[in-house]
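Chain by chain, the residues run as shown.
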Amino acid sequence: MKGVLLVNLGSPESPTAKDVKPYLDEFLMDERVIDVNKVLRNIIVRGIILQTRPKKSAEAYAKIWWEEGSPLVVISERFTNKVRQQTNLPVALGMRYGKMTIKNALQELKDKGVDDVLLVPLYPHYAMSSFETVVVKAMEVKDEFFSNIKITTLPPFYKNPEYIKVLSESIAEGLKNFDYDHILFSYHGIPERHIRKSDPTKFHCKIDGNCCSTNSVAHHTCYRHQCYEMTERIKAFLQLPEDKVSLSFQSRLPNDPWLKPYTDFEFERFPKEGKKKLAVITPAFVSDCLETLEEIAMEGKHQFQEAGGEDYIHIPCLNDNDAWVQVMADWIKDWDASEKLPA
Ligand SMILES: C=CC1=C(C)c2cc3[nH]c(cc4nc(cc5[nH]c(cc1n2)c(C)c5CCC(=O)O)C(CCC(=O)O)=C4C)c(C)c3C=C
Ligand SMILES: [Fe+2]
Ligand SMILES: [Fe+2]
């Protein structure tokens, strides 16, 4: 029997340093997130980052936390419930990190008689720190506990026409009453090194701004290319003026070079160039979370206005948008009927 496993990133149990610390420990000790050898990772994560970050992160989480819990978790649950209403197959939700484990979600499916699973990482793009780590973890859990279950993975959907349509339409809705002079597509950043590591050809990705527009097999796993491609497709769908759209990367950790340009530097730069009415879109995320609600909608607005900006909006992620639920339900139906996966 077939079933569906949706997987998102996860959140701490509560916005306190006590709960943020073990969550960040599991997240940052993932070898696909902080990708250095285990000894060095231990020093960087446990010896340095976790000494101060849990308190700071807990304060940030506290600013966006909802009555029902973490926005990312609550939104993912709402989305899952709506998808369940649109399909006959069992649908479970798991998180890559934290208490809502992939193991529990697979157990829930197994208990319903499922032995053929469609795994859906809830990330539009491929990155070793997001999509890949979900797939690897699900396979490890399957091998250890559910060896009779077959898993098929839904590929990254950053350029899928139905996804581009629903995302573009929700952006259009967000822009309706806003007289912008610039639109910034702010994607979650990754270290530049991750791009090179994920390049199967080992020579294509040069992070020089050109490689991403030259056709290559490397693009199946190139996060940077996929962010550029998604931006172009949304721009084309909405017929946005070329000179009023740009892209940047947010949420970096210190020391390594991360993908550029950096979002916070753009917030400083735009007002000086006369771009004073800014709309920000965060298309690396399917659901709003700490990185959109705090870093972009609150902190970003503050940075932009401090630098001389006047009007600022963050356009929400798709969250549990009905049209997005329908797109997911249609992908599930296609896979159920004929094993077809979205392209
Ligand atoms: C090396 C560090 C990190 C990499 C690489 C990374 C990639 C990455 N992350 C997401 C999605 C999310 N990240 C979120 C929070 C978050 N990310 C990092 C670090 C890396 N992410 C940290 C330390 C945190 C925790 C928050 C903090 O302490 O500031 C979130 C939000 C989670 C929530 O509970 O709301 C999401 C979502 C992607 C898609 C990605 C690679 C493309
Ligand atoms: Fe992250
Ligand atoms: Fe590239």
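Residues numbered from 1 in each chain as written. Chains lettered and ligands numbered in written order. Predicted model: local features only at pLDDT ≥ 70, side-chain atom pairs only at ≥ 80, totals over all residues.

The next thing to look at is the overall build of the protein. Each helix and strand counted, the protein has 11 helices and 8 strands in total. Here the C-alpha radius of gyration of the protein, 20 Å, is about what a compact globule of 343 residues would show, namely 20 Å. In terms of principal-axis extent, the alpha carbons of the protein reach across some 60 × 50 × 45 Å. Across the protein, the fraction of contacts at a sequence separation of at least 24, relative to all contacts at a separation of at least 6, is 75%. (Helix = DSSP H or I, 4+ residues; strand = E, 2+ residues; numbered from the N terminus. Rg over C-alpha atoms; globule rule 2.2 N^0.38 Å. Contact = placed C-beta atoms within 7 Å.)

Here helix 2 (residues 38–64) contains 27 residues, and its C-alpha end-to-end distance of 33 Å is more than 12% below the 39 Å for a straight helix at 1.5 Å per residue. Along helix 2, the largest kink reaches about 60° and is centred on isoleucine 49. Inspection of helix 2 places Val45, Pro54, Ser57, Ala58, Tyr61 and Ile64 among the buried residues, and these make up the whole buried set. At its buried positions, helix 2 is contacted by helix 1 (17–28), helix 3 (71–85) and helix 10 (290–306). (Expected span 1.5 Å × (residues − 1). Bend = angle between axes of the 7 residues up to and from the residue. Buried ≥ 20, exposed ≤ 12 C-beta atoms within 10 Å, placed from the backbone.)

Another point: the environment of threonine 52. Note that threonine 52 resides in helix 2. C-alpha of threonine 52 to C-alpha of lysine 21: the two residues are 31 residues apart in sequence and 9.6 Å apart in space.

Look at the UniProt record and you will see "binding site: Fe(2+)" (unreviewed entry) annotated at His188 and Glu291. In summary, the annotated positions, though distributed over 104 residues, converge in three dimensions, the widest C-alpha pair being only 8.1 Å. Histidine 188 gets classed as buried once you count the C-beta atoms within 10 Å, which come to 26. Assignment of secondary structure puts glutamate 291 in helix 10. (UniProt positions renumbered as here; feature names shortened; annotations may be inferred.)

Inspection of the region around ligand 1 gives 23 residues, with Ser11, Ser57, Ala127, Cys289 and Leu290 positioned closest. Every element with two or more residues in the shell around ligand 1 is listed here: helix 2, helix 5 (128–145) and helix 10. Split by residue class, the shell around ligand 1 holds 14 nonpolar, 7 polar and 2 charged. In terms of domain composition, the shell around ligand 1 takes at least three residues from each of domain 1 (2–156 + 322–338) and domain 2 (161–315). (Near = placed C-beta within 6 Å. Nonpolar A, V, L, I, M, F, W, Y, C, P; charged D, E, K, R; others polar. Domains from an automatic or database assignment.)

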